[in-house]
Amino acid sequence: MRVLVVGSGAREHSIVLALSQDPEVTALACAPGNAGTATIAEQHGLDVTDPAAGAELARRWRADLVVIGPEVPLVAGMADAIRAAGIDCFGPSAAAARIEGSKSFAKDVMAAAGVRTARSEVVDNPARLDAALARFRPPYVVKDDGLAAGKGVVVSADLEVARAHASTLLEAGHPVLLEDYLDGPEASLFCLVDGETVVPLLPAQDFKRVGDGDTGPNTGGMGAYAPLPWAPPGLTQQLVEEIVAPVAAEMVRREVPFQGLLYAGLALTSSGPAVIEFNCRFGDPETQVVLALLRTPLARLLRATATGKLAGEGPLEWADGSAVTVVVAAEGYPGTPRVGDVITGADGEGVLHAGTRRREDGAVVSAGGRVLSIVGTGPDLAAARDDAYRRLAGVHLAGSHHRTDIAARAVAGEISIPTAE
Ligand code: AMP
Ligand code: GLY
């Protein structure tokens, strides 16, 4: 099977790495890729916002399967263009990708499917903002209604901070979503979905804030771990039955069946699990830990999803133990990152590349905000965490920063689901 992966983050490096270990894969390419994917796959230039260019590359390269990593090409319709060219593609249609691309569409689907999520209101007229804010209580949750790479959300107890963020979005012409605050720990559950068949992967937890102790602005994700040692038995099954399967069925009913990876971002609140958001693709950095533990060959699984044959696949196999990833970010991230700095020590095991490129002289240099994703594994979460930070110590990038507390509270047994009063 010739497999082409679209994207250039550590998520794609992790997908390419897993595919490279599947004996069914005879050729592997990544577009546009990074300095890490270039060591295990052919690289091809690609503008990921151009669906026709994706389909043309897939045809020229004679791909049997295309796996689309990021949301931008999916929302733009690249999976539709590839399927129209007669090539199997892992990833939803543009119509189904709206589950991520439009928060109001997602809310509508959830309401129809009877799935718990925060009460919300869309504001598209600045004159209505104050009255709308008055219908919420602190902490205020203010979101950009469209795609914002995880950075469009402000959660603040301060009304002025909430109002200022909403005003900035509205002035830029972006509708704003106001939401009730959800208490409880967050979890990310990835599910392979082909129409109504839902196969969950291991649950993971992501660290969205830039600083230790969950301080500072939101980012695309600064680290993750899997599985969740604090999760009650049966949690994954409950999440599939109460949340993901009803949403998949509702998408089928609306004649926009979802095919690909449906990512449920959840808050495990005192009154039960509730959806924070859906994404239409693998999450970054959670993929790096989930795929580090997956033992079932990945290409076969993704092709079965792409061709509607998921129901015929056996149960997934997982390694025992845990995985932790820590993201190394460039100076300035999540603002404008400094790029072009030389990275050393980034060729070892467990070092996945994101914003990197190889310079003409052979040096690997930074080329984006999130630069590397260092993955550690071990028999338990504490060992996996130690492994990740030990590997990170061998990597150097001037001016870079990373969180030092990824998975620390889970290792210390400090995470629990709040109980109802
Ligand atoms: P989103 O882009 O919707 O995933 O939001 C990014 C982050 O903001 C989430 O991972 C949460 O940490 C936080 N967040 C978003 N919505 C809520 C909410 N309703 N209640 C509490 N925290 C939220
Ligand atoms: N880890 C968050 C995301 O992929 O959206």
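Residues numbered from 1 in each chain as written. Chains lettered and ligands numbered in written order. Predicted model: local features only at pLDDT ≥ 70, side-chain atom pairs only at ≥ 80, totals over all residues. Heavy atoms only, no water.

1. Notes on the nonpolar core
Rule in force here: The definition of a nonpolar core used throughout is a set of buried Ala, Val, Leu, Ile, Met, Phe, Trp, Tyr and Cys residues joined through side-chain atoms within 4.5 Å. Partly exposed describes any residue whose relative accessible area lies between the buried limit of under 20% and the exposed limit of over 50%, with all areas from a 1.4 Å probe on protein chains only and scaled to the type maximum. In what follows, a contact means two residues having at least one pair of non-hydrogen atoms within 4.5 Å.
In this structure, Val66, Ile99, Tyr225 and Val247 are the most contacted members of the largest nonpolar core, which totals 77 residues. Those residues within four positions of Ile99 in sequence are excluded, and the remaining contacts are Phe105, Ala106, Val109, Val247, Met251, Phe258, Leu262, Phe278 and Cys280. Grouped together as the second largest cluster of nonpolar side chains are 38 residues, Leu19, Ala226, Leu298 and Leu301 included.

2. Here's the deal with the sheet that holds strand β5 (residues 88-90)
The condition that has to hold: Strand pairing requires that DSSP identify at least two bridges connecting the strands. Numbering of helices and strands runs from the N terminus, with a helix taken as a DSSP run of H or I at least four residues long and a strand as a DSSP run of E at least two residues long. Only the contacting stretch of a helix is used when fitting its axis, a line to C-alpha atoms as for every element, and angles between N-to-C directions run 0 to 180 degrees.
Strand order in the open sheet formed by five strands is β3-β2-β1-β4-β5, with parallel pairing between adjacent strands. Bordering the open sheet on either side are β3 (42-43) and β5, each of which pairs with just one other strand. Running over the sheet, helix α1 (residues 10-20) touches β1 (2-7), β2 (27-32) and β4 (65-68) and is turned about 170° from β1.

3. Considering the pairing of strand β14 (residues 215-218)
With two bridges joining them, strand β13 (residues 209-211) and β14 adopt antiparallel strand pairing. In the sheet register, Gly211 faces β14, and the bridge partner there is Thr215. Between β13 and β14, which pair antiparallel one after the other, the connecting turn spans three residues, and Gly213 there sits at a positive phi close to 70°.

4. Looking at the packing of α1 against helix α10 (residues 286-293)
Axis angle and axis distance: for two packed helices, these are the angle between their axes and the distance between the axes, and together they describe the pair. The line we're drawing: What sets the label is the angle itself: under 35 degrees gives roughly parallel, over 145 gives roughly antiparallel, 65 to 115 gives roughly perpendicular, and the rest give oblique. A clockwise turn of the near helix away from the far one marks a right-handed crossing, whereas an anticlockwise turn of less than a right angle marks a left-handed crossing. Ten residues, namely Ala, Val, Leu, Ile, Met, Phe, Trp, Tyr, Cys and Pro, are considered nonpolar, four, namely Asp, Glu, Lys and Arg, are considered charged, and the remaining ones, Gly among them, are considered polar.
At a minimum axis separation of 8 Å, α1 and α10 run at an interaxial angle of 15°. Taken together, α1 and α10 sit at an angle that is classed as roughly parallel. As for the relative orientation of α1 and α10, their crossing is left-handed in sense. Between α1, through Ala10, Arg11, Ser14, Ile15 and Ala18, and α10, the contact on the second element is made entirely by Thr287, Gln288 and Leu291. For the contact of α1 with α10, the class distribution of residues is four nonpolar, three polar and one charged.

5. A few points about the site of ligand 1
In plain terms, the rule: Whether a residue is near a molecule or strand depends on its heavy atoms: it is near if one of them lies within 4 Å of it. Distance and chemistry together define a polar contact, namely a pair of N or O atoms within 3.5 Å, with one atom able to donate a hydrogen and the other to accept it when in protein, and with adjacent residues in sequence counting only for side-chain atoms on both sides. To be clear on the numbers: accessible area is Shrake-Rupley with a 1.4 Å probe, and residue cover counts the displayed protein chains and nothing else.
Taken together, 15 residues surround ligand 1, and among them Glu179, Leu182, Glu186, Lys208 and Glu277 come closest. In this structure, an oxygen atom belonging to ligand 1 sits 3.5 Å away from a side-chain N or O atom of Lys103. Between a nitrogen atom of ligand 1 and a main-chain N or O atom of Asp180, the distance comes to 2.9 Å. In the complex, 93% of the free accessible area of ligand 1, which totals 470 Å², lies under the protein chains. For the shell around ligand 1, the elements supplying multiple residues, two or more each, are β7 (140-144), β8 (153-156) and β17 (272-279). Across the shell around ligand 1, the residue classes break down as seven nonpolar, one polar and seven charged.

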